[in-house]
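# Notes for the structure review
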Amino acid sequence: MSENKDQKFVYDFTEGNRDLKDLLGGKGANLAEMTNLGLPVPPGFTITTEACKVYLESGSEPVELRAEVSAHLDALEQKMGKKLGQADDPLLVSVRSGAKFSMPGMMDTVLNIGLSDESVTGLATQAGDERFAWDSYRRLIQMFGKTVLDVDGELFEEALDEAKAVKKVTVDTDLDAGDLKKLVKHFKKIVKAQAGRDFPQDPREQMDLAIEAVFNSWNTDRAKLYRRQERIPHDLGTAVNVCSMVFGNLGPDSGTGVAFTRDPASGHQGVYGDYLQNAQGEDVVAGIRNTVPLAELESIDKKSYDQLMQIMETLETHYKDLCDIEFTIERGQLWMLQTRVGKRTAGAAFRIATQLVDQGLIDEAEALQRVNGAQLAQLMFPRFDDAAKTELLGRGIAASPGAAVGKAVFDSYTAVKWSRSGEKVILIRRETNPDDLDGMIAAEGILTSRGGKTSHAAVVARGMGKTCVCGAEELEVDTKRRRMTTASGHVIEEGDVVSIDGSTGKVYLGEVPVVPSPVVEYFEGRMHAGADDADELVAAVHRIMAYADRVRRLRVRANADNAEDALRARRFGAQGIGLCRTEHMFLGERREMVEKLILADTDEERAEALEALLPRQKQDFVELFEAMDGLPVTVRLLDPPLHEFLPDITELSVRVALAEARKDPNENDLRLLQAVHRLHEQNPMLGLRGVRLGLVIPGLFTMQVRAIAEAAAQRIDAKGDPRAEIMIPLVGTVQELEIVREEAEQVIAEVQAQTGVELKLALGTMIELPRAAVTAGQIAEAAEFFSFGTNDLTQTVWGFSRDDVEASFFTAYLEKGIFGVSPFETIDKDGVGALVRSAVEAGRATRPDIKLGVCGEHGGDPESVHFFHEVGLDYVSCSPFRIPVARLEAGRAAAESSGSDSR
């Protein structure tokens, strides 16, 4: 029972508007908005998401709901001049889901509710078309059986295929009224056998059961999987839209279609969409019959075409965005069934945002909110090399761009199974349906032989940023035999490698080489915005990035350990280095020097090993400071456990054992093995590492500080502008930092005295332990900056060993909804984030001018960047390739907070 007796659970289409998406869902809110605009929308009403929530929480509908539905149904019947399911002239309705966020194909729809053995003849008489009436009735039983009564949909499909085979036809429109009557009888037998009950003849029972089925569809496995993939909250519920039916299957002057006000694949303006004559409802989206391009509607029904073009312009101007529209034409009368802001590819998002600015529909701040970092990252992926030798298998519709290569698989289960084994796969289907979602997520790309740009495969792939080619009619897909045959007779078996180009629609045999994206070339300074298609995209990216850079408060640095990476990061727009990991400088030929340091038995041996490392470390820093001249470079002193620089214990033990068996022992190997055993720890990531190394091994940190100071002095002598910052890792208490800081200041003073160069080297620490975050106010007394190491902070807050848990149980946690997303991918705001927020406040309370940043992987994650802006960090640092993404998201975060402040 609902808590508020005055709560309203049902709204007529004339009562809502587009701002009520939380209550009416996206579909219901937009149907109301189109009704308010005076567009031709069939009358109907919406059951709210609140009613769904009550149902899902209690297991039963709100007690008020039936009466409210009855009142709105009575009003609808009066408006239409007929009653639901009446025998002589039945009112028929559709029952459709409609959540706040679009979830294409993930929830349920039932059409033609109100038809029965009695009313089907009345519909035939009124329509003057017996075939149409029986076709509508068989569709109702098929949809109702699958959706409401949970009958296997394949049983209906097989019966339909059998009926066509008996008639020796290939499309269902060639079945006549007599064939469809027989099919209806067959369908009802299937329902009785599978559901254990007859197909309901009471129209109100049909509607009530369909409404309940839509509520239940919110929690189907495919719906939950889609929400996890798209990060849609699980507690929103869905609205239910009950709409009077209009029919596209009344003959050649009727039809159904989907239209876009711009091309959702490219963003170009024009006439885009699909139309299918003599068809109903889901036929276009399902891709079961191949459509014709929307432009052909002009020659089929010019009056409806011209009206649709005017409505499309009205909607795009009203919504100020690309609109996705579903419509039906019933005997020359156009009806609007749905509109929503359309899903689009990454490239289209950037193009459309700048086009709308140029048209004066939105400003630059809004354009920035229309794109996101995930889309920009997608644009930076490689594309196929046009100059490569290829073997073309066929061509379909370019539904969602990208270059995807993988082994051919023909069902969702195999796609998931092979993907989990490390194989890259291309999911190939005749057409996809919502049950294929897990396979679509697992695959590198999707290829279908049926459907168009508005098919299920195309819409879902675009939403996920997944490469997709649809409607490749010349490719015959045989899912049962797990093979695909080309027009020339070439057979592609499961496991054969294919390449699909979602930008051109081309399908190739084998692996096609890839080349860098033009957007990456632009960021690296190798391409400038021009006039062709790639240049047009680059120009759009350039404009939006320029605005993001103007408005963002967060600076963006790079995680880089050498001059080459630093220079690339700088080209990508880095404003310094937020993390230079010095342990990477001790690999390769220098590993032997580290071994000598570890094996040193005396102070002299240790000093000798450190002396050998010093000039090499210094040169590393000279090159790094030169590459980042004028920008800050945060150098983290040695962090990982020393055993990581020693040989593997198993490999070394075998080597020693074999040498002893030959009676030719290697003294150095013996000493190394002893050292490995001595340094062995049960949990090395919580053992002797970070600041603890600097305190336990005399001279290690002072050698590194000396190398940094001498390198900075050398660059100043060369008229450079080095801005080095020294970062002490894994500090848990201020006393550790104070000891290291005192030693470092002494070394810096010595270098200043020796070189005569004044050095300004900031000293700070990483905050990567819970204790450091909790005592940040104390630590700030000895630190000029904090850099949050959110990788280790996440491990220590959660008690996770990242290398172990991601492989062992993270998948289960994600599937069970414990995680919406991995806490190593996006910052855990409630746990790790709370510690970051409190540490920021405590640090600034002690030292108001303290510099605050983050250098974990979260620094390049779009959602995390918004959090770091919110808590007041000064910069984020991430890998060079993610710098443009961080720049964009920092701009979006600033524009978003500015907009909310102004409101």
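Quick caveat: nothing in here was measured; it's all calculated off a predicted structure.

## A few points about the overall build of the chain
Secondary structure assignment for the chain yields 36 helices and 31 strands. A compact globule built from 903 residues would reach a C-alpha radius of gyration of about 29 Å, and the chain, at 33 Å, matches this within 12%. For the chain, the C-alpha atoms occupy an extent of roughly 105 × 70 × 55 Å along the three principal directions. By residue count, 56% of the 903 residues in the chain fall in the buried class. At a minimum sequence separation of 6, the contacts of the chain that also span at least 24 residues come to 69%. Total accessible area on the chain stands at roughly 37,300 Å², and carbon and sulfur atoms take up 47% of it. Distance between charge centres in the chain, computed from 104 positive and 144 negative side chains, equals 2 Å.

## Quick word on the pairing of strand S4 (residues 109-113)
Regular strands have side chains that alternate between both faces of the sheet. Within S4, five of the five residues are buried, leaving the element largely enclosed by the surrounding structure. In terms of strand pairing, strand S3 (residues 93-99) meets S4 through three bridges, oriented antiparallel. Counted as the bridge partner of Val95 is Val110 from S4.

## Focus on the sheet that holds strand S15 (residues 425-429)
The strand order S12-S22-S21-S14-S15-S16-S17-S13 describes an open sheet built from eight strands, whose pairing is mixed. A strand with exactly one partner marks an edge of an open sheet, and here the two such strands are strand S12 (392-395) and strand S13 (397-400). The sheet shows a mean angle of 30 degrees between the axes of neighbouring strands, direction not considered. Across the sheet, helix H16 (residues 412-420) is in contact with strand S14 (403-409) and S15; its angle to S14 comes to roughly 110 degrees.

## What about the nonpolar core?
In globular proteins that are soluble, nonpolar side chains generally tend to be buried together. With 135 residues, the main nonpolar core has Phe350, Leu376, Val541 and Ile728 as its most contacted residues. At 10 residues, helix H27 (residues 700-717) tops the list of elements feeding residues into this core. The residues touching Leu376, leaving out its near neighbours within four places in the chain, are Phe350, Val519, Phe523, Val541, Met545, Pro884, Val885 and Leu888. Judged by nonpolar contacts, the second largest core, of 59 residues, contains Phe9, Phe132, Ala210 and Phe215.

## A word on a nonpolar patch on the surface
On the surface, a cluster of nonpolar side chains totalling about 240 Å² of accessible area is made up of Leu695, Val696 and Ile739. With respect to the helices and strands, Ile739 occurs in helix H28 (residues 734-755).

## Topic: helix H6 (residues 153-167)
Spanning 15 residues, H6 covers 22 Å between terminal C-alpha atoms, matching the ideal 21 Å at 1.5 Å per step. Within H6, the full set of buried residues consists of Gly153, Phe156, Ala159, Leu160, Ala163 and Lys164. Buried residues along H6 cover an arc of 135 degrees about the axis, so they all sit on one side. Those residues of H6 that are exposed and aimed more than 90 degrees away from the buried face are Ala165 and Val166. Two residues or fewer past H6, Lys168 is found with a positive phi of approximately 60 degrees.

## Points about the pairing of strand S5 (residues 238-244)
Most of S5 is tucked away: seven of the seven residues are buried. Here S5 shows no split at all, with Thr238, Val240, Val242 and Ser244 on one side and Ala239, Asn241 and Cys243 on the other all buried. Here four bridges tie strand S2 (residues 44-47) to S5, and the two strands are oriented antiparallel to one another. Its bridge partner lying in S5, Phe45 is registered against Val242.

## Examining the packing of helix H21 (residues 563-571) against helix H23 (residues 603-627)
Each pair of packed helices can be summarised by the angle the axes make with each other and by the distance between the axes. Where H21 contacts H23, the axes come no closer than 9 Å and their chain directions differ by 10 degrees. Here H21 lies roughly parallel to H23, going by the angle between them. Contacts between H21 and H23 pair Ala563, Ala566, Leu567 and Arg570 from the former with Glu623, Leu624 and Ala627 from the latter. A breakdown of the residues in the contact of H21 with H23 according to their chemical character gives five nonpolar, no polar and two charged.

## Looking at the pattern of salt bridges
Applying the stated rule across the entire model yields 57 salt bridges. For Asp411, the salt bridge is made with Arg482, and the minimal N-O distance between the two is 2.4 Å. Here Asp411, found in the loop between S14 and H16, pairs with Arg482, found in the loop between strand S18 (476-478) and strand S19 (483-485); they are 71 residues apart in sequence, far enough to count as distant. Accessibility expressed as a relative area gives 15% for Asp411, which makes it buried. For Arg482, a relative accessible area of 31% puts it in the partly exposed group. Two residues, Arg568 and Glu524, come together in a salt bridge whose shortest N-O distance is 2.6 Å. With Arg568 in helix H21 and Glu524 in the loop between helix H19 (518-523) and helix H20 (533-551), this pair connects stretches of sequence that are 44 residues apart. Under the relative-accessibility criterion, Arg568 is labelled partly exposed at 30%. Here Glu524 falls in the buried class, since its relative accessible area comes to 13%. Here the salt bridges do not stand alone but share partners, grouping Arg131, Asp135, Arg138, Arg139 and Asp172 into one network.

## As for the layout of surface pockets
Of the volumes computed, that of the second largest pocket is approximately 940 Å³. Lining the second largest pocket we find 36 residues, and of these Asp639, Met685, Arg689, Asp792 and Gln795 sit closest to its centre. Among the secondary structure elements, those contributing two or more residues to the lining of the second largest pocket are strand S25 (577-581), helix H31 (790-798) and helix H32 (802-808). The element that contributes the greatest number of residues to the lining of the second largest pocket is H31, accounting for four residues. Along the lines of polarity and charge, the residues of the lining of the second largest pocket split into 13 nonpolar, 10 polar and 13 charged.

## A closer look at the packing of H23 against H27
Packing of H23 against H27 brings their axes to within 8 Å, and their N-to-C directions diverge by 40 degrees. Comparing their axes, H27 and H23 come out oblique. In terms of crossing hand, the pair formed by H23 and H27 is right-handed. For the pair formed by H23 and H27, the contact residues are Leu610, Leu613, Leu614, Gln617, Lys618, Phe621, Val622, Phe625 and Glu626 on the first element and Leu700, Met703, Gln704, Arg706, Ala707, Ile708, Glu710, Ala711, Ala712, Gln714 and Arg715 on the second.

## A look at the side chain of Arg689
Topologically, Arg689 is positioned in the loop between helix H25 (667-679) and helix H26 (691-696). Judged by its relative accessible area of 2%, Arg689 falls in the buried class. At 2.8 Å, the side chain of Arg689 and the side chain of Asp792 are in polar contact. For Arg689, the residues in contact, after removing those within four places along its chain, are Asp639, Pro640, Pro641, Pro684, Leu730, Glu768 and Asp792.

## Brief notes about the environment of Gly843
If you trace the backbone, Gly843 turns up in helix H34 (residues 832-846). Along the chain, Gly843 and Gln269 lie 574 residues apart, while their C-alpha atoms are 52 Å from each other. Setting aside residues up to four positions removed in sequence, Gly843 forms contacts with Ala776, Gly777, Ala780, Phe786 and Ile850.

## Looking at the side chain of Glu68
Within the secondary structure, Glu68 sits in helix H3 (residues 65-80). In this structure Glu68 is buried but unpaired, with Lys8 as the nearest side chain of opposite charge at 5.2 Å. A distance of 3.0 Å separates the side chain of Glu68 from the backbone nitrogen of Val10, its partner in a polar contact. Not counting residues up to four positions away in its chain, the partners in contact with Glu68 are Gln7, Lys8, Phe9 and Val10.

## Some remarks on the environment of Asp22
As for its placement among the helices and strands, Asp22 is situated in helix H1 (residues 21-36). For the pair formed by Asp22 and Gly237, sequence separation is 215 residues and the distance between their alpha carbons is 9.3 Å. Contact partners of Asp22, with chain neighbours within four places excluded, come to Thr49 and Lys100. Here the side chain of Asp22 touches Lys100 through a polar contact of 2.7 Å, side chain to side chain.

Rules used throughout
Residues numbered from 1 in each chain as written. Predicted model: local features only at pLDDT ≥ 70, side-chain atom pairs only at ≥ 80, totals over all residues. Heavy atoms only, no water. Helix = DSSP H or I, 4+ residues; strand = E, 2+ residues; numbered from the N terminus. Rg over C-alpha atoms; globule rule 2.2 N^0.38 Å. Buried < 20%, exposed > 50% of the residue type's maximum accessible area, 1.4 Å probe, protein only. Contact = heavy atoms within 4.5 Å. Areas by Shrake-Rupley, 256 points an atom, 1.4 Å probe, with all protein chains shown as cover. Lys, Arg positive; Asp, Glu negative; His and termini not counted. Charge placed at Lys NZ, Arg CZ, Asp CG, Glu CD. Pairing = 2+ DSSP bridges. Axes fitted to C-alpha atoms, helices over the stretch in contact; angles between N-to-C directions. Core = buried A, V, L, I, M, F, W, Y, C linked by side-chain atoms within 4.5 Å. Patch = residues over 30% accessible without salt bridge, like charges linked within 9 Å, V, L, I, M, F, W, Y side chains within 5 Å. Salt bridge = Lys/Arg side-chain N within 4 Å of Asp/Glu carboxyl O. Expected span 1.5 Å × (residues − 1). Arc of directions from axis to C-beta. Parallel < 35°, antiparallel > 145°, perpendicular 65-115°, else oblique. Nonpolar A, V, L, I, M, F, W, Y, C, P; charged D, E, K, R; others polar. 1 Å grid on protein atoms, 1.4 Å probe; cavity = no way out; pocket = protein on both sides within 12 Å on 5 of 7 lines; lining within 4 Å. Points joined across faces, edges and corners; volume = space filled by probe spheres on them. Left-handed = near helix turned anticlockwise from the far one by under 90°. Polar contact = N/O pair within 3.5 Å; in protein donor to acceptor, adjacent residues only side chain to side chain.

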